[in-house]
Amino acid sequence: MDIMVMNKVQDEGSNVKAFADSTVDASLSWKDIGWLRSITKLPILIKGVLTHEDDYTPATIAVLEEVVHAVKGKVPVFIDGGVRRGTDVFKALALGAEAVLIGRPVVYGLAAKGETGVKRVIEMLKDELELTMTLSGCPTIKDITRGHVITNCERLHSSL
């Protein structure tokens with residue numbers, strides 16, 4: 001009996017899919033946001049919107065500017081995903097993000113060195129962001145503009 005249970009666990013891998021299936025309600029839709037707004041005055045953050053159509057999963061930085069333009073300042077746009085360096089924070093701010101969330105690097109720091117690791121990760125991101133700002137002539141966050149970055153799409157167009 002124990003051998004069969006062990007084989008079953010091994011066959012299911014890490015069970016990430018099962019966890020995701022059990023925690024994400026596939027029936028949720030944009031109508032549910034209206035309902036939620038009707039019962040609370042708290043701010044509502046919607047995670048995972050990648051395009052105005054929201055029908056594919058490109059890199060978050062690649063579609064950030066599209067999302068910023070689509071919401072037209074009606075809601076704040078935060079980026080959550082793909083941030084590993086201070087330069088990533090700089091690019092996200094230049095492309096219109098109002099905040100940059102840094103989940104995975106913090107988890108890595110925590111796993112490596114506990115609280116000290118988390119502090120070091122945040123310190124490294126801050127130092128890298130400040131260096132990038134200095135090299136770009138931006139004394140404050142407000143000085144970071146769209147003109148400070150060239151996207152891959154723009155790079156491709158300029159090479160044609």
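Residues numbered from 1 in each chain as written. Predicted model: local features only at pLDDT ≥ 70, side-chain atom pairs only at ≥ 80, totals over all residues. Heavy atoms only, no water.

1. Considerations on the nonpolar core
At step 1: One finds Leu64, Phe90, Val100 and Ile144 to be the most contacted residues of the largest nonpolar core, which totals 19 residues.
At step 2: Going through the elements one at a time, α4 (60–71), α5 (86–94) and α6 (103–135) are the ones with two or more residues in this core.
At step 3: Of all the elements, α5 adds the most residues to this core, at 5 residues.
At step 4: Not counting the four nearest positions on each side in its chain, Phe90 is found in contact with Leu129, Thr132, Met133, Ser136, Cys138, Ile144, His148 and Val149. (Core = buried A, V, L, I, M, F, W, Y, C linked by side-chain atoms within 4.5 Å. Buried < 20%, exposed > 50% of the residue type's maximum accessible area, 1.4 Å probe, protein only. Helix = DSSP H or I, 4+ residues; strand = E, 2+ residues; numbered from the N terminus. Contact = heavy atoms within 4.5 Å.)

2. Describing the layout of surface pockets
At step 1: In this model, the second largest pocket occupies a volume close to 480 Å³.
At step 2: Around the second largest pocket sit 23 residues that line it, and Ile61, Ala62, Leu95, Thr151 and Asn152 are the ones nearest its centre.
At step 3: Among the secondary structure elements, those contributing two or more residues to the lining of the second largest pocket are α4, α5 and α7 (152–159).
At step 4: Here the element with the most residues in the lining of the second largest pocket is α4; it accounts for 6 residues.
At step 5: The class makeup of the residues in the lining of the second largest pocket is 11 nonpolar, 5 polar and 7 charged. (1 Å grid on protein atoms, 1.4 Å probe; cavity = no way out; pocket = protein on both sides within 12 Å on 5 of 7 lines; lining within 4 Å. Points joined across faces, edges and corners; volume = space filled by probe spheres on them. Nonpolar A, V, L, I, M, F, W, Y, C, P; charged D, E, K, R; others polar.)

3. Structural notes on the confidence of the model for the chain
At step 1: A residue-level look at the chain finds 84% of positions with pLDDT of 70 or above and a mean pLDDT of 84.
At step 2: When pLDDT is averaged over each element of the chain, α5 comes out on top at 96 and helix α1 (residues 2–11) at the bottom at 44.
At step 3: In the predicted structure, residues 1–11 sits below a pLDDT of 50 and forms 0 contacts with residues beyond four places in sequence or in another chain. (pLDDT = per-residue confidence, 0-100.)

4. Points about the side chain of Asp88
At step 1: Within the secondary structure, Asp88 sits in helix α5.
At step 2: Taking relative accessible area as the criterion, Asp88 reaches 12% and is therefore assigned buried.
At step 3: With residues up to four places along the chain from it excluded, the contact list for Asp88 reads Gly82 and Val83.

5. Points about the pattern of salt bridges
At step 1: Overall, the coordinates contain 6 salt bridges when judged by the stated rule.
At step 2: Measuring nitrogen to oxygen at the nearest pair gives 3.6 Å for the salt bridge that ties Lys91 to Asp88. Of the two residues, Lys91 and Asp88 are both situated in helix α5; the distance of 3 residues between them amounts to about one turn of the helix.
At step 3: Residues Arg146 and Glu154 are paired through a salt bridge, measuring 2.5 Å at the closest nitrogen-oxygen approach.
At step 4: On the accessibility criterion, Arg146 (25% relative accessible area) is partly exposed.
At step 5: The exposure class of Glu154 is partly exposed, given its relative accessible area of 32%.
At step 6: Linked through salt bridges whose partners overlap, the residues forming this network are Glu65, Arg146 and Glu154. (Salt bridge = Lys/Arg side-chain N within 4 Å of Asp/Glu carboxyl O.)

6. Focus: unusual backbone geometry
At step 1: Within the chain, Lys72 stands out as a residue other than glycine whose phi angle is a positive 50°.
At step 2: As for its placement among the helices and strands, Lys72 is situated in the loop between α4 and β1 (78–80).

7. Some points on the packing of α5 against α6
The packing of two helices is summarised by the inter-axis angle and the distance between the axes.
At step 1: It is at 7 Å that the axes of α5 and α6 come closest, and there the two elements cross at 60°. As summarised for this structure, α5 and α6 are arranged oblique, according to the angle between their axes. Crossing of α5 against α6: the hand is right-handed. Seen from α5, the contacting residues are Gly86, Thr87, Val89 and Phe90; seen from α6, they are Leu125, Glu128, Leu129, Thr132 and Met133.
At step 2: Split by residue class, the contact of α5 with α6 holds 5 nonpolar, 3 polar and 1 charged. (Axes fitted to C-alpha atoms, helices over the stretch in contact; angles between N-to-C directions. Parallel < 35°, antiparallel > 145°, perpendicular 65-115°, else oblique. Left-handed = near helix turned anticlockwise from the far one by under 90°.)

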